[in-house]
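# A closer look at the structure
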Amino acid sequence: MDPVVIPILVAAIVVVFLVAATVRIVPQARRYNIERFGRYRRTLQPGLNFVLPVADRVNTKLDVREQVYSSDPKPVITEDNLVVNIDTVLYYQITDPRAAAYEVADYLQAIDQLTVTTLRNVIGSMDLEGTLTSREEINARLRAVLDDATGKWGIRVNRVEIKAIDPPNTIKEAMEKQMRAERDKRAAILHAEGERQAKILTAEGTKQKDILEAQGTQQAVILRADGESKAVELVFQAVHRNNADAKVLAYKYLETLPHLAQSDNNTFWVIPGELTEAIRTVTSAFGDQASGTGPPPGAQREDATEADASDKDHVGAPEVEANSTLALDAVAAADEAAKQAAVAVSDAKAEAEAAGEARRPGRGPAPGG
């Protein structure tokens, strides 16, 4: 080989080495700390950078993006002397690469230990229930303490979250029983409230039903009374319009008498004093139709006087002319009506006396019975 080529190759190799040692390409979101002869010189920014070969060297390469650090569960004692295991999640970011490299030896371990001590201080002033329900307060106090302590390390703590709080198994069982009891209590309250509402609604429905039934009954009674009053008025007007005499009214009077004794609830009924007069009027009506002329008014008054006298002892019919067939029929009808009336009166009296005896237990028969 030519002796001139060898020095050229060596010189080329040296130049390439020097260029490679001089040029430093830093990726995005990275920071390189440069030391010159063992002393911090500067921090390289992303992009193409030049350093002195042999004199300058890269000490640390740091990532300035936000990082997530999850710690292992740490035992912490609460104010009521219960040991709970708490693990946290830390979100941090390097803001000063020089301080992160030279102010603390291991910033992750330092942050972890600081988090544990701060948790023990915070949780030690709370009971278990307050610890379980005050996560936001614990997170805020942790972040304030860590942010203040890590500021001089060139690190900013963005968020601190408690990932889990694990109480002892006995406490878990007690909490489950308490939760079950609370749920049973709420279920019983809801059930009782539902029954109360159901009873209220049922009572309201019954009330409305009774009101509507009463209103319907009232309207029905009013309409029935109105109809009866109109019917009576029409009958009254028809009677006066047709000019009905006393004979027709007496006949209708006799027709109504049998209906007085048809009710099952009647224990006795009273024969009106006008019965004899009504029978006499009907009899005289049939007699007048048969003979063509009625007896003179004086004779009628005498017959009425005799009939009134005989009614004191028994019920009978007035005398009529014997030679008239229609008069005989009228007399027979009157006698039959009188007999039926007498029988009805006697039956009513007997039933009344029997009812009176039944209402007086232990007493003897009534006088004259």
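Residue positions are counted from 1 within each chain, in the order its sequence is given. Reporting in this predicted model follows two pLDDT cut-offs: at least 70 for local features of residues, and 80 or more for side-chain atom pairs to be given and counted; totals over whole chains, interfaces and linings ignore these cut-offs and use all residues. Neither water nor hydrogens contribute to the side-chain values; these are computed over all heavy atoms in the structure.

## Things to note about the overall build of the protein
Which entries qualify depends on this criterion: Comment: elements are numbered from the N terminus, with helices defined as DSSP H or I runs of at least four residues and strands as E runs of at least two. Three labels apply to residues, based on accessible area from a 1.4 Å probe with only protein chains included: buried if under 20% of the type maximum, exposed if over 50%, partly exposed otherwise in between. We call two residues in contact when some of their heavy atoms are within 4.5 Å. Note on areas: these come from Shrake-Rupley sampling with a 1.4 Å probe, and a residue is covered only by the protein chains present in the view.
Of the regular secondary structure elements, the protein holds ten helices and nine strands. Sorting the 369 residues of the protein into buried and exposed places 26% on the buried side. Long-range contacts, defined here as pairs at least 24 residues apart, represent 62% of the contacts in the protein between residues at least 6 apart. Split by element, the accessible area of the protein, about 25100 Å² in all, is 57% carbon and sulfur.

## Here we look at a nonpolar patch on the surface
Worth spelling out the cut-off: The patches described consist of residues with a relative accessible area above 30% and no salt bridge, like charges being joined within 9 Å and nonpolar side chains (Val, Leu, Ile, Met, Phe, Trp, Tyr) within 5 Å. Salt bridge, as applied in this entry: a Lys or Arg side-chain nitrogen positioned within 4 Å of an Asp or Glu carboxyl oxygen.
Residues I6, V10, V14, F17, L18 and V54 make up a contiguous nonpolar surface patch of roughly 570 Å² in combined accessible area. In this fold, I6 is placed in helix α1 (residues 5–22).

## Concerning the packing of aromatic side chains
The way to describe two aromatic rings as a pair is by their centre distance and the angle between their planes. Worth spelling out the cut-off: What counts as a ring pair is set by centres within 6.5 Å for rings of Phe, Tyr and Trp (its six-membered ring), and what kind of pair is set by the plane angle: stacked under 30 degrees, edge-to-face over 60, tilted for all other angles.
Applying the stated criterion across every chain yields a total of two aromatic pairs. Aromatic pair Y40 and Y102: ring centres 5.5 Å apart, planes at 65 degrees, arrangement edge-to-face. Of the two residues, Y40 is situated in strand β3 (residues 39–44) and Y102 in helix α2 (residues 97–102); the sequence distance between them amounts to 62 residues. We classify Y40 as partly exposed; its relative accessible area is 29%.

## Regarding a positive patch on the surface
Put simply, the rule reads: Neither His nor the chain termini are counted; the positive set is Lys and Arg, and the negative set is Asp and Glu. Where a charge lies is defined by one atom per residue type: Lys uses NZ, Arg uses CZ, Asp uses CG and Glu uses CD.
Taken together, the side chains of K177, R180, R183 and R186 make up a positively charged region of the molecular surface. Relative to the helices and strands, R183 resides in helix α6 (residues 169–242).

## Some details on unusual backbone geometry
Positive phi, normally seen in glycine, also occurs at F37, with a value near 55 degrees. Looking at where F37 falls in the secondary structure, it is placed in the loop between β2 (30–36) and β3. One non-glycine residue, N81, lies in the positive phi region at around 60 degrees. Mapped onto the secondary structure, N81 falls in the loop between β7 (74–77) and β8 (83–94).

## Focus on a negative patch on the surface
Together, E79, D80, D127 and E129 make up a negatively charged patch on the protein surface. Looking at where D127 falls in the secondary structure, it is placed in the loop between α3 (107–123) and α4 (128–133). Overall, D127 belongs to the partly exposed group, its relative accessible area being 34%.

## Digging into the confidence of the model for the protein
Worth spelling out the cut-off: On a scale of 0 to 100, pLDDT captures the predictor's confidence in every residue.
Looking at the protein as a whole, the pLDDT averages 75, with 65% of positions reaching at least 70. Within the protein, β2 carries the highest mean pLDDT (91), whereas helix α9 (residues 297–310) carries the lowest (45). Note that pLDDT drops below 50 for residues 289–328; the model gives that stretch 31 contacts with residues more than four away or on any other chain. Predicted confidence for residues 362–369 stays below pLDDT 50, and this span has four contacts to residues more than four positions away or in other chains.

## What to know about the sheet that holds β2
The strands making up a sheet associate through backbone hydrogen bonding, with each pair oriented either parallel or antiparallel. To keep it simple, the criterion reads: A pair of strands is treated as paired once DSSP finds two or more bridges between them. Each axis is a line fitted through C-alpha atoms, and for a helix only the stretch in contact is used; angles between axes span 0 to 180 degrees, taken between their N-to-C directions.
Taken in spatial order, the three strands of this open sheet run β3-β2-β5, and their pairing is antiparallel. Each edge of the open sheet carries a strand with a single partner, namely β3 and β5 (56–63). Direction aside, the axes of adjacent strands within the sheet are offset by 25 degrees on average. Inspection of the sheet shows β2 paired to β3 by five bridges, in the antiparallel sense. Among the inter-strand pairings, E35 is bridged to a residue of β3, identified as Y40.

## Side note on empty space enclosed by the protein
To find the voids left in a structure, one rolls a probe of water-molecule size over its atoms. Just so we agree on the cut-off: Both site types are read off a 1 Å grid over the protein atoms alone. A 1.4 Å probe that fits but cannot get out defines a cavity, while an open set with protein on both sides within 12 Å along at least five of seven lines defines a pocket; lining residues have an atom within 4 Å of a point. Grid points are joined across faces, edges and corners, and a volume is the space filled by probe spheres set on the points. Any residue outside Ala, Val, Leu, Ile, Met, Phe, Trp, Tyr, Cys, Pro, Asp, Glu, Lys and Arg is labelled polar, Gly included; the first ten of those are nonpolar and the last four are charged.
A full pass over the atoms with the stated rule returns one cavity of 30 Å³ or more. Of the pockets and cavities examined, the largest cavity occupies roughly 50 Å³. Taken together, Y69, S71, T88, L90, I111, D112, T115, L146 and V160 make up the full set of residues lining the largest cavity. Elements with a contribution of two residues or more to the lining of the largest cavity: β8 and α3. A per-element tally of the lining of the largest cavity places α3 first, with three residues. When its residues are assigned to classes, the lining of the largest cavity shows five nonpolar, three polar and one charged.

## Quick word on the packing of α3 against helix α5 (residues 135–150)
To keep it simple, the criterion reads: Any angle from 65 to 115 degrees is called roughly perpendicular, while one under 35 is roughly parallel, one over 145 is roughly antiparallel, and all others are oblique. Crossings are classed by handedness, with left-handed meaning an anticlockwise turn of the near helix from the far one by less than a right angle and right-handed meaning a clockwise turn.
Where α3 meets α5, the closest approach of the two axes is 10 Å, and the angle between their N-to-C directions is 140 degrees. As judged from the angle between their axes, α3 and α5 are oblique. In the crossing of α3 with α5, the sense of the turn from one axis to the other is right-handed. Across the interface between the two elements, I111, L114, T115, T118, L119, V122 and I123 of α3 pack against I138, R141, L142, V145, L146, A149 and T150 of α5. Of the residues assigned to the contact of α3 with α5, the class counts are ten nonpolar, three polar and one charged.

## Looking at the pattern of salt bridges
This structure, assessed with the given rule, holds nine salt bridges. Between R30 and D63 there is a salt bridge, and its shortest N-O distance comes to 3.6 Å. Here the residue R30 occupies a position in strand β2, and D63 occupies one in strand β5, the gap between them amounting to 33 residues. Residue classification places R30 among the partly exposed positions, given a relative accessible area of 27%. With a closest N to O distance of 3.9 Å, D226 and K230 form a salt bridge. Within this pair, D226 and its partner K230 are both found in helix α6, separated by four residues, close to a single helical turn. You can call D226 partly exposed: its relative accessible area is 36%.

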